[in-house]
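Spelled out from the first residue to the last, the chains are:
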There are 2 protein chains.
Amino acid sequence: MAKCLVVGANGFLGSHLVDELVRLGHEVTAFDRFSMGRVSFTAVGVTRRLGDFLNTGDLVDAVKGQEFVFHFVSTTTPASAENDPTMDIRTNLASTVELLQCCVQAGVTKVFFASTGGAVYGDQPGVELTETALPLPVSPYAIGKLAIEGYLRYFERKHGLQSVTFRISNPYGPRQHPNKKQGVIPIFLHRLAQELPLVVLGDGSMVRDYLYVGDAVRMIGQTVDAGNAYPVYNIGRGLGASLADVLGVIERVTGIIPEVQMQPAPSTYLNHIVLKTDRYQREFGYPDFVSLDEGVAATWNQMNGARDGLG
Amino acid sequence: MAKCLVVGANGFLGSHLVDELVRLGHEVTAFDRFSMGRVSFTAVGVTRRLGDFLNTGDLVDAVKGQEFVFHFVSTTTPASAENDPTMDIRTNLASTVELLQCCVQAGVTKVFFASTGGAVYGDQPGVELTETALPLPVSPYAIGKLAIEGYLRYFERKHGLQSVTFRISNPYGPRQHPNKKQGVIPIFLHRLAQELPLVVLGDGSMVRDYLYVGDAVRMIGQTVDAGNAYPVYNIGRGLGASLADVLGVIERVTGIIPEVQMQPAPSTYLNHIVLKTDRYQREFGYPDFVSLDEGVAATWNQMNGARDGLG
């Protein structure tokens, strides 16, 4: 059992991680602005700490006495970082360095970082996306994530602050905010619920490695007590699904035939991202993944008022 | 002949680049704060433009009407970036993005960027440091340079702004400022001239790929009209010299036996960096490199009042 601080604890990934860490028996403090006005995680016994990632004083207070810090906040999405790249630099990158400095000062043992699994590799047709593939990000969001990975390496070497980076593919599931322009599955389901057409970028052939959020946090949770042999792990299913596949699943699960509008894909969108997760699986075992149908159904049901999760 | 703007034109590399571009027949504008109070380059017919890289208005004005922009400024050194990593983020990284935005607005054709050739790869014993080796920087300076390489990729993909990155090894030579804590050769020579002991970090076995600055700018100058098949080139001699070797050369060249003090190397210093420059040589030919003895002699002579260069 460890004292864990989750930064970005009320966000999509962060809130599921809080639940998973509590389930594993850890003592969890949830750091967030809680700007939505409600608490997303459902676990009991979580210490809530109201604070702003951009406020160094808040960070100093939050990391005190913590063993493990989970950096699961981002001030930008891929879309907003592209809209204003210097915002990503001024906020995400600068404040991450300040968070790491706070962790060193407070004697935190280890930092767990949510990086991005697809965008960090960029477009490399025919290249297996293992952790040793060359990262060639073409979006400000991914450039920033990769720079943070670099700072983690620096802080480990300079200050002995241990860390592990999770390059997470395309997580989806309950609690994912459909208005954030990130996560095509909840966006599609939300529009479907509102009887709006679904906007497909490109011709529907764009492939992603969709990962149910419950599986993502289970994979991450497994590494907490076990330690890690490598600094970076791909976190994904290792299975690709095209947008056309996703539309098929949505139709099957909801029983609604969606109206689809095609739009050109932005130039920074990548065609095909499927992660190789052999490194993770060799070390931590093969996760029992939720199927895309099950995951989309759970997301749809929660959106329609059911309690989230697949339990 | 192209209209070339050199940003950081009065700096060490920048000033030699100005001279080389003029020699090649280009029309050169030199952008700099000129904070040293004197002009470093010697070529005639250069348009001087006083401005601050951190001032977006200055950048907007400077890039107007230019075809090629050479980004050869850094607000930090490896030492100062380590001293304050967020400064590197707030100044170098954010202002580079602003410079690139200005270039897009002004219709600049291509950006040439001075990255770092050693630090960007980090410590990888036994790995050949080609441009396809995994970059694993462990210093804030190199993390920032690598992030800039990412933004160049993004601006090319998003806005069609062409670019080329030079990962320059360890350039040395006349005009290198001995007080900047960057460039061990002029620092050693300067201390020798002042009859101060030379401080060797580590046991003297640290190996670097020292490149005479005249050779560096000749290599870069060759790419200007030729175009480039790849986005990134290592720029180095491809030959390693240890600190002990450098001390031997200095003793030979100056005739002075230096007094040496050993100090532990900082944890972010790398042991062995020699670049593979096959990619450059296949495309642009094999440069006729100056020997370390010749280069150190030219640096020493300029420090003692001779005109710089080997002519």
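Reading guide: rules and limits
Residues numbered from 1 in each chain as written. Chains lettered and ligands numbered in written order. Predicted model: local features only at pLDDT ≥ 70, side-chain atom pairs only at ≥ 80, totals over all residues. Heavy atoms only, no water. Least-squares fit on C-alpha atoms with pLDDT ≥ 70 in both. Contact = heavy atoms within 4.5 Å. Helix = DSSP H or I, 4+ residues; strand = E, 2+ residues; numbered from the N terminus. Expected span 1.5 Å × (residues − 1). Buried < 20%, exposed > 50% of the residue type's maximum accessible area, 1.4 Å probe, protein only. Pairing = 2+ DSSP bridges. Right-handed = clockwise from strand over helix to strand, strands pointing away. Salt bridge = Lys/Arg side-chain N within 4 Å of Asp/Glu carboxyl O. Axes fitted to C-alpha atoms, helices over the stretch in contact; angles between N-to-C directions. Buried area = accessible area lost by both parts, 1.4 Å probe. Polar contact = N/O pair within 3.5 Å; in protein donor to acceptor, adjacent residues only side chain to side chain. Nonpolar A, V, L, I, M, F, W, Y, C, P; charged D, E, K, R; others polar.

A separate point is the relation of the copies chain B and chain A. Mapping chain B onto chain A is achieved by rotating through 180° and translating by 0.0 Å along the same axis, at an RMSD of 0.0 Å. The superposition operator between the copies reduces to a two-fold rotation axis. When the interface residues of chain B are mapped onto chain A, 100% of them are again interface residues, pointing to one common binding face.

Looking now at helix H4 (residues 85-106) of chain A. Taking 1.5 Å of rise per residue, the 22 residues of H4 of chain A would be expected to cover 32 Å, and the 31 Å separating its terminal C-alpha atoms lies within 8% of that figure. Immediately downstream of H4 of chain A, the backbone of Gly-107 of chain A shows phi near 75°, a positive value.

This next bit is on the pairing of strand E5 (residues 110-116) of chain B. Residues and elements named next belong to chain B. Within E5, seven of the seven residues are buried, leaving the element largely enclosed by the surrounding structure. Both faces of E5 are covered, namely the face carrying Lys-110, Phe-112, Ala-114 and Thr-116 and the face carrying Val-111, Phe-113 and Ser-115. Relative to E5, strand E4 (residues 68-71) is paired through four bridges, and the arrangement is parallel. Paired with Phe-70 across the two strands is Phe-112, which belongs to E5. Both E5 and strand E6 (residues 162-168) contribute to a ladder of seven bridges, which runs parallel. Residue pairing across strands places Ala-114 opposite Phe-166, the latter belonging to E6. The handedness of the E5 to E6 crossover, carried by helix H5 (residues 140-159), is right-handed.

A few words on the pattern of salt bridges. Under the counting rule described, the total for this entry stands at 24 salt bridges over all chains. Between Asp-293 of chain A and Arg-252 of chain A there is a salt bridge, with its nearest N and O atoms 3.0 Å apart. Taken together, the residues Asp-293 of chain A in helix H10 (residues 292-303) and Arg-252 of chain A in helix H8 (residues 243-254) connect sequence positions 41 residues apart. With a shortest N-O distance of 3.7 Å, Asp-61 of chain B and Lys-64 of chain B are connected by a salt bridge. A cluster of three or more residues bridged by salt bridges with shared partners is formed by Glu-128, Lys-276 and Asp-278 of chain A.

It is worth spelling out the sheet that holds strand E2 (residues 27-32) of chain B at this point. Residue and element names in this part refer to chain B. Spatially, seven strands are ordered E3-E2-E1-E4-E5-E6-E11 in an open sheet, and the strand pairing comes out parallel. At either end of the open sheet lies a strand with only one pairing partner, and these are strand E3 (47-50) and strand E11 (232-235). Sheet twist, expressed as the mean angle between neighbouring strand axes with direction ignored, is 20°. Running over the sheet, helix H1 (residues 12-23) touches strand E1 (3-7), E2, E4 and E6 and is turned about 170° from E1. On the sheet, helix H4 (residues 85-106) packs against E4 and E5 and is oriented at approximately 175° with respect to E4.

As a further point, take the interface of chain B and chain A. Listed as interface residues are 33 residues of chain B and, on the opposing side, 33 residues of chain A. Carbon and sulfur atoms make up 66% of the area that chain B and chain A hide from each other, which totals about 2900 Å². If you sort the residues of chain B by the area they bury against chain A, Ile-89, Tyr-154 and Arg-157 of chain B come out on top, with a joint share of 24%. For the pair chain B and chain A, the interface holds four salt bridges. Linking Asp-123 of chain B and Arg-157 of chain A is a salt bridge whose minimum nitrogen-to-oxygen distance equals 3.0 Å. Here chain B and chain A share ten residue pairs in polar contact (both at pLDDT 80 or more) between them. Listing elements by their share of the side of chain B that touches chain A, those giving two or more residues are H4 and H5 of chain B. A breakdown of the residues in the side of chain B that touches chain A according to their chemical character gives 18 nonpolar, seven polar and eight charged.

These figures come from the coordinates and say nothing about function on their own.
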